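The primary structure of each chain is shown beneath.
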Amino acid sequence: MGSKFLTNATTLSKHIVSQVVKAGDCVIDATMGNGNDTLFLRKLVGSSGKVFAFDIQTTAINNTRALLMVHGLHDSVELIHGGHEDMDLYVHENIAAAMFNLGFLPKGDHQIITNPQTTIQAIEKALLLLLPNGIITISIYYGHEGGLAEKDAVLRFVEGLNQREFSVLKLDFMNQKNCPPVLIAIEKR
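These figures come from a predicted structure and were not determined experimentally.

The rules behind these values
By convention here, each chain's residues receive numbers from 1 onward along its written sequence. Local features in a predicted model are, by the rule used here, given only for residues with pLDDT of at least 70; side-chain atom pairs are given and counted only at 80 or more, and totals for whole chains, interfaces and linings are based on all residues. Side-chain numbers here rest on the full set of heavy atoms in the structure, without hydrogens or water. For every residue, the accessible area (1.4 Å probe, protein chains only) is compared with the maximum for its type, and the residue is labelled buried under 20%, exposed over 50%, or partly exposed between those bounds. Helix and strand labels come from DSSP, where a helix needs a run of H or I of at least four residues and a strand needs a run of E of at least two; each type is numbered from the N terminus. We call two residues contacting when some pair of their heavy atoms lies within 4.5 Å. What counts as a ring pair is set by centres within 6.5 Å for rings of Phe, Tyr and Trp (its six-membered ring), and what kind of pair is set by the plane angle: stacked under 30 degrees, edge-to-face over 60, tilted for all other angles. For a Lys NZ or an Arg CZ to count as sitting over a ring, it must be within 6 Å of the ring centre and within 35 degrees of the ring normal. Pairing of N or O atoms within 3.5 Å defines a polar contact, subject to two protein rules: one partner must be a possible hydrogen donor and the other a possible acceptor, and residues neighboring in sequence count only if both atoms are side-chain atoms.

J.: Which parts of the structure should I look at to understand helix α2 (residues 36–45)?
T.: Taken across its ten residues, α2 has seven buried, putting it largely inside the fold. Residues of α2 that are buried make contact with α1 (9–18), β1 (26–29), β2 (50–55), α3 (58–70), β3 (77–81) and β4 (95–102). Following α2 by one or two positions, G46 adopts a phi angle in the positive range, close to 70°.

J.: Please explain the packing of aromatic side chains as it appears in this structure.
T.: Ring pairs (aromatic) are described by centroid distance and by the angle formed between their planes. Across all of its chains, the model carries one aromatic pair by this definition. Aromatic side chains F54 and Y90 sit 5.8 Å apart centroid to centroid with 70° between the ring planes, which places their arrangement in the edge-to-face category. With F54 in strand β2 and Y90 in the loop between β3 and β4, this pair connects stretches of sequence that are 36 residues apart. Between the NZ or CZ atom of K50 and the centre of the ring of F52, over which it lies, the distance is 5.3 Å. The lysine or arginine in question, K151, covers the ring of Y142, its NZ or CZ lying 4.4 Å from the ring centre.

J.: Explain the environment of T114 here, please?
T.: With respect to the element layout, T114 can be found in the loop between β4 and α4 (116–129). Counting along the chain gives 58 residues from T114 to I56, while the straight-line C-alpha distance between them is 9.7 Å. In this structure, T114 is in contact with T31, H84, L102, G103, T119 and E150, ignoring residues within four places of it in sequence. There is a polar contact of 2.7 Å between the side chain of T114 and the side chain of E150.

Shown next as structure tokens:
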């Protein structure tokens, strides 16, 4: 993993997901961003699997498409220009994993952010699609306007999940300053 394993929510999220996802699986990148998680997921599922990646910004779609093309891994990936709260309109099979990175597009417009209502709708829909032993990771970046409200809403929602159906883990970077991300992992029993 490298020396930055415990300093980066994205690295931890990928490690967790890599323990569950295998070739041939169907997965979701709920917040496409610049395509790094989409590429990671595509490598895990291989050409026999399927990645559904969502974002509302054209910039995210273009950046992700370019990244996948550079790596020659654009097959088996569906880039969806739309909100993750509508994932059930596109994904009609069960999923092994879903990854969320909440906040704004890195190097993009910081005024365009994920929001509590649509994020919770998307998490609910991902939970319904999730296979037993499947995993959802949610990296919550909240150091921006509106971020704290989303963090609080997501934490309240996941704390209320039935423990007979789901195991929920929360990882905090306790000694980091400036709103360090919170990582949530949800496993379906």
